[in-house]
Structures are given as C-alpha cells and as structure tokens.
Amino acid sequence: MKYFLISMLLTFSSVLSSCDKIHVEADYNVIPLPRHIEVPGNDYFVLDGRTKIVRGEGVSEKDADFLSEYIRQSTGIECHVTGQTRRNAIWLSVSASCGQNPDGYTVTVDKNGIHVSGNSSDGLFHGIQTIRKSLPVGEYDEVAFPYAEIRDEPRFRYRAMHLDVSRHFFDKDFVKKYIDLLALHNMNFFHWHLTDDQGWRIEIRKYPLLAEKSCRRDYTVIRRDYDRNDGTPYGEGCYFTQEDIREIVQYALDRHIQIIPEIDMPGHMLAALAAYPQFGCTGGPYKVWTRWGVSDQVLCAGKDETVQFAKDVLSEVADLFPCRYIHIGGDECPKTEWKKCPDCQARIVSEGIEQGSAESVEDALQGWFMKEMTDFLKTKGKTVIGWDELLESGAAGDDMTVMSWRGTEGGIAAAEHRMDAIMVPHSYLYFDYYQTEDRSQEPFAAGGKVTVEKVFNYDPYDGIPEKDRKYIIGVQANLWTEFIAEPSHAEYMVIPRIDALSEVQWSPLESRQYADFLKRLRRQLSLYDLLGYNYARYVFE
Ligand code: TNX
C-alpha cells in the first residue's frame, strides 16, 4: 500500500511537472511590437535541448551563435548550431520574403519548428531579437511556441540612441552594454557624442594632447550652482584609444548597429582649445570647462591652421568609423569672439561671405565653415549630419542631414528644403530630462518633463505635410550626461523610455496602445533583471 501510494504520488507529480513545462509559453507580443502577428490556434512547437539551430545560406555564424546564446541566457536550454535537419529546429535564412525593406523579417512557427527569415542579415537579426524577447525568463527544460505567422518591418529606417561621454565618461564595457540595449530594441545606429567643452574622449594621433590634456578638467561644478564645485579633478586618462574605437565599432557591427561619431564644432570645443590654444580666436589660455552651458570660446573660423586642424581630426575619425554618416555638431556656437576677431572678419571679406538668409554675417561664416567640412568629408565618402542650427547658417545643402533638436521646426524646414531629417525634439526625446510629473521623487535632472507616455505618443510625422514625409528618415533620443555620472544612473534614465522610443521608431502608429505597451513592458523587465540593467519603475507605481 505504502509503495503504491508513493508510486501514485510520483506519477502524479511527474504529470504535473510535465504540464508545468508545457505551459511555459513564448509570447510574441514583444517590444517593439511586430507589425503583424497571427496565432491561428492552440498548437505548439516545443523547443527543448534537442532543438537545433540551422544556418541557411548567407547567415553568419555570429548571428546563429547569438540566438543560441540568447536561448541559453533566458531559459537555460542549450540549442546547438548544426547542419541541415528536417525537424525540431530553428531555421535561419536570408531572402527577400517580406517586401523590399532590408530590416524586414518573417517568423513562421509550425509543427517542425521555427523559421526566421530576414530580407537581409539585418532583418534576420531583428527576427532573432523577436524570438529572444518572446522567450520566458527562468530555468526551463521546454518552451512551447504557439504556431504563428509573424511579418514585420520598421516604420523608420533610421533608429538610434545617443550617448554623451564627454560631460561624464562612460567606459568601453558600458558603451558595449549600451549598444546591447540598442540591439535589443531593433535600433540600427548609435550616435556617439565624443567631444565637448568639458572633455575630449577620442585619441587623435596627429594631436596627442587631445587625449593627454583635453580629457581632464580641474573640478566639476555642483549641479547648476556655478559658485560651488566638488574640488576633484575629473577625467584623467578617460578617453578611447583608436584601438578601443575599432573594437567598439566591430562590437556594434556584429550587432547590426552602425556608429555615428560626433565631433562637435565649431562651438563646444573648449576642451580642445585648452590643449591647442592657437586654434581659438584669442589664443587663450583656455581651460577644459568645469561648468555646463554654452561657452563663448569656440574654434576660430578665420585661421587656416584651425580649419586644417578640424579637417585633420575629421580625417582620422572618418578612417576609424566605417559608417557613411559623420556628425559635425554645429549647435550653440556664439559669435561673440568672431565678431571681434580680425582673422574671422578677414575670412568674411576674402571669401566674399554675405549674410544672405543667415541671421548675421558671422552665422553665414559658420555656414562657410560647415560647408568646408562637408565638402572635405564628401571626398571621404561621408554624409554630414548637423544639429538644426545648420539651417540658420544659410549653408545647409541637400547633401546634409539635419538633426532637429530644438523642436520639430528644424525637421519640418529641412524636409521642405528636401534635406533628410532626424527628429530628436528635446521636449519629447531628451532622456536627461525628468521622467515623471513629480520631480521631487527623482534624482536631479537637466529639466523638462519627458514621461514614458509622452515619448510613446510622439509621432515624428506631426506637422510634416504628406509630400515631405519621405525626408524624415527616423528618430532618436539623446542622453546628455551633465548630471549623470554613473552607468546605473544612465540606465535608469534610459529604461524604460527607450522601450517607448523603440515603438515610435519601429511599430505602426495604428497598432500601438499605451495600456497594451505597459503590459508588454512588464514582461520585458524580467529580461532587464536577467541582463543586469537598472531601470526606473515609475510607470508601475
Ligand atoms: C543642449 S542638444 C545641447 C547639449 C546639452 C543639452 C542638455 C544640443 C545640440 N546641445 O550640449 O548637453 O542641451 O540638455
């Protein structure tokens, strides 16, 4: 009797646990939401340790390995990559199955397994991310994938996040972790703000003092209280060597992300001037800035050596980053010194620069400077991106791409002029801003109020006439780091606003609902916990 009871119990519990296993289900309602998900019935394909990953033609070993690693990370199940098999597998392939969009992919789940097919290897990678995010997080032997048909492609072809490593430095490991986060959200560009008044963070071989001197400031002001400072030098040795850069570029490329470097000029250059004062209007001396804001000290547009310096820097940067885009800033460049500088005034005369549509003749001089850089970079096969001030200099040509940050007007005007534009309006997409209605609950931030819901409801086509919409190539959010010194704080500012952003970038407007998004977000948190990201919880409180 005793043995009978024990064996009954054992049978019962094994039935229970096998039910348990079966009921761990994949869920395709991920972030960003795929365009089209069809789940026809109640049938499942069961993934387990015997499931193989099969690499079709044109599929890289790396991409297959990523999938294997994601499955292991999330569930503990080891799926190995092998040659062809007819059953119980995840087949990866690249073929134009879902229209022309290179970022598009399809997923089909049937009794034999899962087929992921990308229109290009980028599309395949996004499909792999969707499978990854569909997985439950925990220790499992089996995961049931409901039979499904997923067809997906992004709304915008440019999908990015920005990171400022000048105001505060974030090291190689963090930059990689940040890139991982972008990949998880199907983004394809990373805008890397490498230089600013408060610190220069990239090695330039021709100007070694940029790494040696321009990375370090004597102290840092406390918040915005310019009468107080922390009395501690900051940033010694905090820069990326060219070797670091190459490593990070490759790391991003492996994750189907291109890096757009930004060398902000001719303003936001005080750190560089501290090491090379001869490139300023007055000759200095200058100090790497210890406070925030907009400095009057900028590169001199009149001196030939300065123009050459800027080109030399861009030349090394262009060689380091294979991306077609290079960002040359152009924002917040006061003309205080240029108005007084004999060299700048002489340049205006010698180049016959006229005010034209610019706000002042010195603004037109900035236009001349930006055009010099643009033409130079064109010889290197690069397309220039600049902040929306570009439009005020009268020099913006349709070969430049405008980043509209002061509002949406810059983007609207750029599109009108048939220039490509990227929308980054600060009141919707500055993630250094507060993220709730009640600032008192939050760590000190740059200002504003950018709630998750506000990001979610942003539509980059707002105010853009139908005929101009093709010029709005995409949308990104910025993380300026004046008040963000720690990696965990940076993550906290970004997540979960990045989730809302990724839906703006990827998913069709019609299919998105905030309440539904929050449900999906709750699921995504388990992945953030697993991967060790810090995030803000306000939306759930
Ligand atoms: C404006 S956005 C800036 C940055 C600051 C940011 C602070 C832009 C092109 N310039 O230099 O860090 O505001 O929110």
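As a reminder, the structure under discussion sits directly above these lines.
A quick note: this is a predicted structure, and the numbers were derived from the prediction, not measured.

So, how was this worked out
- Residues numbered from 1 in each chain as written.
- Predicted model: local features only at pLDDT ≥ 70, side-chain atom pairs only at ≥ 80, totals over all residues.
- Heavy atoms only, no water.
- Pairing = 2+ DSSP bridges.
- Helix = DSSP H or I, 4+ residues; strand = E, 2+ residues; numbered from the N terminus.
- Axes fitted to C-alpha atoms, helices over the stretch in contact; angles between N-to-C directions.
- Contact = heavy atoms within 4.5 Å.
- Phe/Tyr/Trp six-rings, centres within 6.5 Å; stacked < 30°, edge-to-face > 60°.
- Buried < 20%, exposed > 50% of the residue type's maximum accessible area, 1.4 Å probe, protein only.
- Near = heavy atom within 4 Å.
- Polar contact = N/O pair within 3.5 Å; in protein donor to acceptor, adjacent residues only side chain to side chain.
- Areas by Shrake-Rupley, 256 points an atom, 1.4 Å probe, with all protein chains shown as cover.
- Nonpolar A, V, L, I, M, F, W, Y, C, P; charged D, E, K, R; others polar.

A. Spotlight on the sheet that holds strand 20 (residues 421-423). Pairing is parallel around the closed barrel formed by 8 strands, whose spatial order is 10-11-16-17-18-19-20-21. Strand-to-strand twist in this sheet, taken as the mean axis angle between neighbours without regard to direction, amounts to 30°. The pairing of strand 16 (residues 258-265) with strand 17 (residues 325-329) spans 2 bridges and is classified as parallel. Across the sheet, residue Met265 finds its bridge partner in strand 17, namely Gly329.

B. Quick look at the sheet that holds strand 6 (residues 105-110). Strand order across the open sheet formed by 7 strands is 1-9-6-7-5-3-4, with mixed pairing between neighbours. Each edge of the open sheet carries a strand with a single partner, namely strand 1 (36-38) and strand 4 (80-82). Ignoring which end each strand starts from, the neighbouring axes of this sheet average 15° apart. Along the sheet, helix 3 (residues 121-134) makes contact with strand 5 (89-94), strand 6 and strand 7 (113-118), crossing strand 7 at roughly 145°.

C. Just the packing of aromatic side chains, in detail. If you walk through the whole model with that rule in mind, you get 33 aromatic pairs. Ring geometry for Trp387 against Trp405: centres 6.5 Å apart, planes inclined by 75°, an arrangement best described as edge-to-face. With Trp387 in strand 18 (residues 383-387) and Trp405 in the loop between strand 19 (400-404) and helix 12 (409-416), the pair connects residues that are 18 residues apart, well separated along the chain. Trp405 sits in the buried class, given a relative accessible area of 14%.

D. Region of the structure containing the site of the ligand. Every residue near the ligand is listed here: Arg167, His268, Asp331, Glu332, Trp387, Trp405, Tyr430, Asp432, Tyr433, Trp480 and Glu482. At 2.8 Å, a side-chain N or O of Asp432 approaches an oxygen atom of the ligand. Here the ligand loses 90% of its free accessible area of 370 Å² to cover by the protein chains. Its residues assigned to classes, the shell around the ligand comprises 5 nonpolar, 1 polar and 5 charged.

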